[in-house]
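# Working through the structure, step by step
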Amino acid sequence: MDSGRREMNVRFSYAASFLMSLLNGLFTPIVPLLGLSMGASQIELGFIGSATFLVYIPLSFIAGKLALRFGKRILLAASALTYSLACLLYFTSSSPLHLMGARLVDGIGMALLWPAVEALLAESAGLGGPEMVSNFGVAWSLGAAAGALGSSWFLGIGGYRDAFLPGMVMSLCLCVAALAFVSISREERNETNDMGNEAEPP
C-alpha cells in the first residue's frame, strides 16, 4: 500500500475515533436520564450503565481475530452499522429493559471499532510514530468532550430521544465512508484469503 492510501487510513482513523467518541459522550448522560423518565429503579440504572461493558469486555478478546478474518474495513463498517442500530433502539425504547438491550448493541459496536482503528494506525506507524498516537488521543478525547457539551443542549430542551436520530445518520455515513475510503493492504488481503481457505471443508 502506498503512502497516500496509508495517510487516508490514518485520517479515517482519526475521524472515526472523533465521531464515535462524540456519540458516546453525547449519549452517556442522556441514556440514564431517559431511563429515569421511564421509571427505572436504581438497580436497573446500574444495569443500563454497565450493559455496554458487559458485552464490550468479552468481545474485545475476539475482535482482533475478526479483523484478521474479515478485514479491518469490514469490521469498521460493521461497527458503524451496529452503532446505528443501537441509536435506533435507543430512539424506539419504551422501557428500562429496552434500554439495556440498546446498551448491549452499543457495546458490540464499540468493541468492533477500537481494534480495527488501532490496527489501521499500527499498519501506518511509519508515517508518524509518536505524533500519530498523540493525534489519535486528541481525536477521541476531543470527540468525547464535544459530545458531553452537546448533550447539554438536548438536556436543556428535554428532547432526550432527539439525540439518537442524528447519531444514527452519522453512524450510517461512517459505515459508507469505511467501505469507500479505507484501503486494504496486500498482506491483509492475503491473510483474509488464507483464513477463508482454511475455513473451507476439504
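Residues numbered from 1 in each chain as written. Predicted model: local features only at pLDDT ≥ 70, side-chain atom pairs only at ≥ 80, totals over all residues. Heavy atoms only, no water.

### Concerning helix 2 (residues 42-70)
Rules: The helix and strand labels rest on DSSP assignments: H or I over at least four residues marks a helix, E over at least two residues marks a strand, and numbering proceeds from the N terminus. Here a helix's expected span is defined as the number of its residues, less one, multiplied by 1.5 Å. To get the bend at any residue, fit one axis to the seven residues that end at it and another to the seven that begin at it, then take the angle between the two axes. By definition in these notes, contact holds between two residues if any of their heavy atoms fall within 4.5 Å.
In this model, helix 2 (29 residues) spans 40 Å end to end at C-alpha, consistent with the 42 Å of a helix rising 1.5 Å per residue. At Ser60, helix 2 is deflected by roughly 50°, the largest bend along its length. Contacts made by the buried residues of helix 2 are with helix 1 (3-37), helix 3 (72-92) and helix 4 (96-123). With its phi angle positive at about 100°, Gly71 sits one or two positions after the end of helix 2.

### Comments concerning a nonpolar patch on the surface
Under the convention used in this document: Only residues whose relative accessible area exceeds 30% and that take part in no salt bridge are eligible for patches, with like-charged residues grouped when within 9 Å of each other and nonpolar side chains (Val, Leu, Ile, Met, Phe, Trp, Tyr) grouped when within 5 Å. Reported accessibility uses the Shrake-Rupley method at a 1.4 Å probe radius. Residues are deemed covered only where the shown protein chains occlude them. Salt bridge, as applied in this entry: a Lys or Arg side-chain nitrogen positioned within 4 Å of an Asp or Glu carboxyl oxygen.
Nonpolar side chains collect at one region of the surface, where Ile43, Phe47, Leu54 and Leu104 lie side by side and expose about 420 Å² of accessible area between them. Within the fold, Ile43 resides in helix 2.

### Concerning the packing of aromatic side chains
The criterion, for reference: Between 30 and 60 degrees the pair is tilted, below 30 it is stacked and above 60 it is edge-to-face, where a pair is any two Phe, Tyr or Trp rings, Trp via its six-membered ring, whose centres lie within 6.5 Å. Accessible area is worked out with a 1.4 Å probe on protein chains only. A residue is then buried under 20% of its type maximum, exposed over 50%, and partly exposed in between.
Within the structure shown, the criterion is met by 6 aromatic pairs. When the ring of Phe27 is compared with that of Tyr90, the centres are 5.8 Å apart and the planes differ by 65°; the resulting orientation is edge-to-face. In this pair, Phe27 sits in helix 1 while Tyr90 sits in helix 3, placing the two residues 63 residues apart along the sequence. The class for Phe27 is buried, based on a relative accessible area of 1%. Between Trp153 and Phe154, the ring centres sit 5.1 Å apart and the planes meet at 85°, which makes this aromatic pair edge-to-face. Overall, Phe154 belongs to the buried group, its relative accessible area being 13%.

### Points about the confidence of the model for the protein chain
The criterion, for reference: Scored from 0 to 100, pLDDT records how confident the predictor is in each individual residue.
In this model, the protein chain carries a mean pLDDT of 85, and residues with pLDDT of at least 70 account for 87%. Confidence, expressed as mean pLDDT per element, reaches its minimum in the protein chain at helix 7 (residues 186-199) with 51 and its maximum at helix 3 with 94.

### Here's the deal with the layout of surface pockets
Under the convention used in this document: Any residue with an atom within 4 Å of a point lines the site, the site being either a cavity, points on a 1 Å grid over the protein atoms alone where a 1.4 Å probe fits but cannot get out, or a pocket, an open set with protein on both sides within 12 Å along at least 5 of 7 lines. Grid points are joined across faces, edges and corners, and a volume is the space filled by probe spheres set on the points. Each residue gets one of three labels, nonpolar for Ala, Val, Leu, Ile, Met, Phe, Trp, Tyr, Cys and Pro, charged for Asp, Glu, Lys and Arg, and polar for the others, Gly among them.
Looking at the largest pocket, its volume works out to about 220 Å³. Going through the elements one at a time, helix 1, helix 2, helix 4 and helix 5 (130-157) are the ones with two or more residues in the lining of the largest pocket. Broken down by class, the residue content of the lining of the largest pocket amounts to 7 nonpolar, 4 polar and 2 charged.

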